[in-house]
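What follows is the residue order along each chain.
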Amino acid sequence: MKKHGLILLFITLLLPSAAFAQLKKLTIEDASYMNRDLMPESVRGLAWMGETPYFTYLEDNDMMVSKATSDKHDKLFGLGEINASLAKVEADTLRRMPSFTWIDDKTGYFTAGHKVYLYNISSKQLRELNSFPEEASNTDLQPNTFAVAYTMGNNLHVAFEGRQVQVTNDKDPGIVNGQTVHRNEFGISGGTFWSPRGNYLAFYRKDERMVTDYPLVDIDARIAELDNIKYPMAGMASHEVTLGIYDVSSGRVSFINTGEPADQYLTCVTWDPGEQYVYIAVLNRGQDHMKLNKYDIRSGALVKTLFEERNEKYVEPEDRLAFLNDGDHFIWISERDGYRHLYLYNTDGEFVRQLTSGDWVVRDLLGVDPKDKYAWFTATAESPLNADIFSVELKSGEIRSISEKPGTHSVTLNRNGKYYIDVFSDTLTPREYAVFTTGGKLLQKLRISGDPLEDYEIGRMSVFTIKAEDGTDLYCRMITPPGFDPSAKYPAIVYVYGGPHAQLVTNTWMGGASMFLYYLAQEGFVVFTLDNRGSANRGLDFEQAVHRKLGTLEVADQARGVEYLSDLPYIDPDRIGVHGWSYGGFMTISLMLKKPGLFKVGVCGGPVTDWKYYEVMYGERYMDTPESNPEGYEEASLLNHAGRLDGDLLIIHGTSDPVVVWQHSLALIKKFIQEGKQVDYFVYPGHGHGVGGRDRVHLNAKMAKYFVDHL
């Protein structure tokens, strides 16, 4: 009897979770990020208080404060105090504490609705600084004067000192002012650029009258309505951009003389600290020749071309100049030596020194200390999967690693250059907030997120490399199903993107995979991802290997991944599927058509099917024009391979997609019909390039069901 009791106790101790704590399973809503409890804990509203060592953050509706060198955290004020002050100047109050930008440790400002307010902690006084119309778009606040630039329709306005000034008065809808240009390529994310002291506003003026109208259709009206957009396809007429300068005091608008040809690209717009000059990276339409130009803002004339960069394939300037505090030097980010690195110049264009070098890339320049002694940046020097923190001494070029541990770091520097807040993640750490000195000394752990999936039955994730045909290491991620049995046979799904500017396998929590991929693993699939040649953060040769021949080397590398999968004893090589969206949709169908029989099932969304239907800036960078590269376009066009389809394929598209227009998948469907090939097709009416909101649940359920039914 005693022996049996001991055996029972032993089994009970071995299986506590099975006996007493049944693990949960992800629902399709969970997999669609509808359950915020499954996200790592975050700290909302983190901000340094001017140049002081104090920082604030939000906890529910309370503003909390702490000093970098102390682990003491106090409540600074609450929403009630803000609303009490707000009630004196406004009828409405706030439901949620806004995020503050601090001028110093006593005064900060915030935007609520269409108004800007200043709040003093000591006096608990709140003052309205500025307001702008509720219908304003593309708002841009100047932090010194609190003027707000904004657009209404296609014209630019400025709210300043109680006045609403219309800066441009273009009637033609083909002229667009103060908005993003060049389809958000080249690091462009907005259309206005305040000068350092707020005396001037630079802005993009885009003339797209020569660009072909492209029809989108709004089906919500009883009689469907036409919604034309301007969409410049590769090889066709592109829009023409100039840079305007608005003088706030005089109200005068002038334009920089950036010259011809008019369809060149203007990016990296940067103000000189003295507000006398503006710098622009001028890139030719062929994207193989860049000039960094310095212009006089009063005359609009070119002062000097500081330097030029050429590359037989492409040059891609994406970062504005980072001026040192002396105002006479700046840091330039370039891939000229094959990797993204930092270079120091003076404002006459004289090269001082290369600050970083090596077979790794700088991810982000974080800032420079007030004495111009050090710059801080994140980089892949430890691993292509990481974004670790480093400092470089500007005089000597000496580089020092200051990360506490390797992984992915997102950093906010203190304005005095002494401290930083680090948001860290790696494959085992969901999220961790900590405060450090800029020398790398840990001062306090602010918050460490627990694993929000600890109560869920989640598949095991691993990261490793395999070799491309040329011997290049390719990083891979694999997620096995919960309760994985290596003696069983599993179907597999390859999740792919494969294009430039993307990296799917990273040293972050869950390996960079989405919750949906873990849901697919839960449904019994081994989920595999490989970053092929052409993807990001591996250097220029790695990315440019696919130039003028998209869909060739990427397909070869992904096929190597499938070979690896098929050789695993627990993978059924006859049950392998592939899934991707956008460039990943192009890759999904490319793999199905160019490697027939390799995949049993494909599911994709928003796929590029023929690069001649894609836009000028991205398309011509990687493929040149259809006229100059007819062989490349012909080989990449999926329409020319439609007859080779072997397997089940589901194609999904948003009917109002302004990025990969609906024509892509419709043209391929037409070709499949001509070839007598059966495919499955589904549209999301009114959706753009992605499917969001509650409809995302429907999309994920559809894709998962297709794999379950067919794989």
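Shown above is the structure to which this text applies.
Residues numbered from 1 in each chain as written. Predicted model: local features only at pLDDT ≥ 70, side-chain atom pairs only at ≥ 80, totals over all residues. Heavy atoms only, no water.

## Regarding the overall build of the chain
Here is step 1: Broken down by element type, the chain carries 12 helices and 43 strands.
Here is step 2: Along the three orthogonal principal directions, the C-alpha set of the chain runs to about 85 × 75 × 65 Å.
Here is step 3: Put simply, the chain has 711 residues, and 54% of those count as buried.
Here is step 4: Of the contacts made within the chain by residues no fewer than 6 positions apart, 56% connect residues no fewer than 24 positions apart.
Here is step 5: When the accessible surface of the chain is summed, it comes to about 30,800 Å², and 48% of that surface belongs to carbon and sulfur atoms. (Helix = DSSP H or I, 4+ residues; strand = E, 2+ residues; numbered from the N terminus. Buried < 20%, exposed > 50% of the residue type's maximum accessible area, 1.4 Å probe, protein only. Contact = heavy atoms within 4.5 Å. Areas by Shrake-Rupley, 256 points an atom, 1.4 Å probe, with all protein chains shown as cover.)

## With respect to the pairing of strand S41 (residues 601–605)
Here is step 1: With respect to burial, S41 is a largely interior element, five of its five residues being buried.
Here is step 2: The alternating pattern of S41 places Val-601, Val-603 and Gly-605 on one face and Gly-602 and Cys-604 on the opposite face, and all of these are buried.
Here is step 3: In this sheet, S41 lies alongside strand S40 (residues 571–581) in parallel orientation, the contact comprising five bridges. Along S41, the bridge assignment pairs His-579 with Val-603.
Here is step 4: You can see the chain leave S40, run along helix H8 (residues 583–594) and come back into S41, and the turn it takes is right-handed. (Pairing = 2+ DSSP bridges. Right-handed = clockwise from strand over helix to strand, strands pointing away.)

## Things to note about the layout of surface pockets
Here is step 1: What the largest pocket holds in volume is close to 1,500 Å³.
Here is step 2: Together, 44 residues line the largest pocket, and Pro-143, Asn-144, Pro-196, Phe-323 and Arg-415 are the ones closest to its centre.
Here is step 3: Where the lining of the largest pocket is concerned, the elements lending two or more residues are strand S1 (44–48), strand S5 (101–102), strand S9 (137–141), strand S14 (192–194), strand S20 (265–271) and strand S24 (322–323).
Here is step 4: Looking at the lining of the largest pocket, the element that brings in the most residues is S9, giving four residues.
Here is step 5: For the lining of the largest pocket, a count of residues per class yields 21 nonpolar, 17 polar and six charged. (1 Å grid on protein atoms, 1.4 Å probe; cavity = no way out; pocket = protein on both sides within 12 Å on 5 of 7 lines; lining within 4 Å. Points joined across faces, edges and corners; volume = space filled by probe spheres on them. Nonpolar A, V, L, I, M, F, W, Y, C, P; charged D, E, K, R; others polar.)

## Some details on the environment of Ala-234
Here is step 1: The topology assignment puts Ala-234 in the loop between strand S17 (225–230) and strand S18 (240–247).
Here is step 2: Spatially, the C-alpha atoms of Ala-234 and Pro-406 are 41 Å apart, while their sequence positions differ by 172 residues.
Here is step 3: Dropping the residues within four chain positions of it, Ala-234 is found in contact with Trp-611, Lys-612, Tyr-614, Glu-615, Val-616, Glu-620, Pro-626 and Tyr-633.

## Examining the packing of aromatic side chains
Here is step 1: By the definition in use, this model includes 47 aromatic pairs.
Here is step 2: Judged by centre distance (5.3 Å) and plane angle (15°), the ring pair of Tyr-420 and Phe-436 falls under stacked. Taken as a pair, Tyr-420 in strand S33 (residues 419–426) and Phe-436 in strand S34 (residues 429–437) lie far apart in primary sequence, 16 residues in all.
Here is step 3: Taking the relative accessible area as the measure of exposure, Phe-436 reaches 1% and is therefore buried.
Here is step 4: Residues Phe-586 and Trp-611 carry aromatic rings whose centres are separated by 5.3 Å and whose planes lie at 80° to one another, so their mutual orientation is edge-to-face. Here Phe-586 is found in helix H8, whereas its partner Trp-611 is found in the loop between S41 and helix H9 (616–623), with 25 residues between them in sequence. Here Phe-586 matches Trp-611 in class, with each residue buried.
Here is step 5: Through a chain of ring-to-ring contacts, three or more aromatic side chains come together here, namely Tyr-279, Phe-307, Phe-323, Phe-330, Trp-332, Tyr-343, Tyr-345 and Phe-351.
Here is step 6: Between the NZ or CZ atom of Lys-294 and the centre of the ring of Tyr-277, over which it lies, the distance is 4.5 Å.
Here is step 7: Just above the ring of Phe-682 sits the side chain of Lys-702; from NZ or CZ to the centre is 4.4 Å. (Phe/Tyr/Trp six-rings, centres within 6.5 Å; stacked < 30°, edge-to-face > 60°. Lys NZ or Arg CZ within 6 Å of the ring centre and 35° of its normal.)

## Here we look at the nonpolar core
Here is step 1: The biggest cluster of nonpolar side chains holds 61 residues, and the ones touching the most others in it are Trp-611 and Phe-672.
Here is step 2: Here this core gets seven residues from one element, more than from any other, and that element is H8.
Here is step 3: By size, the runner-up hydrophobic cluster in this structure holds 37 residues, among which are Leu-243, Val-278, Val-315 and Phe-323. (Core = buried A, V, L, I, M, F, W, Y, C linked by side-chain atoms within 4.5 Å.)

## Some points on the sheet that holds strand S6 (residues 107–112)
Here is step 1: On the basis of which strands lie adjacent, the open sheet formed by four strands has the order S5-S6-S7-S8 and antiparallel pairing. Edge positions in the sheet fall to S5 and strand S8 (125–131), since each has one partner strand and no second.
Here is step 2: In this sheet, strand S7 (residues 115–120) lies alongside S6 in antiparallel orientation, the contact comprising six bridges. If you follow Gly-108 over to S7, its bridge partner there is Tyr-119.

## Description of the packing of helix H7 (residues 553–567) against H8
Here is step 1: It is at 10 Å that the axes of H7 and H8 come closest, and there the two elements cross at 70°. Relative to H8, the element H7 is oriented roughly perpendicular. Of the residues in H8, those touching H7 at Glu-554, Val-555 and Gln-558 are Tyr-583, Met-587, Ser-590, Leu-591 and Lys-594.
Here is step 2: A class-by-class count of the residues in the contact of H7 with H8 yields four nonpolar, two polar and two charged. (Axes fitted to C-alpha atoms, helices over the stretch in contact; angles between N-to-C directions. Parallel < 35°, antiparallel > 145°, perpendicular 65-115°, else oblique.)

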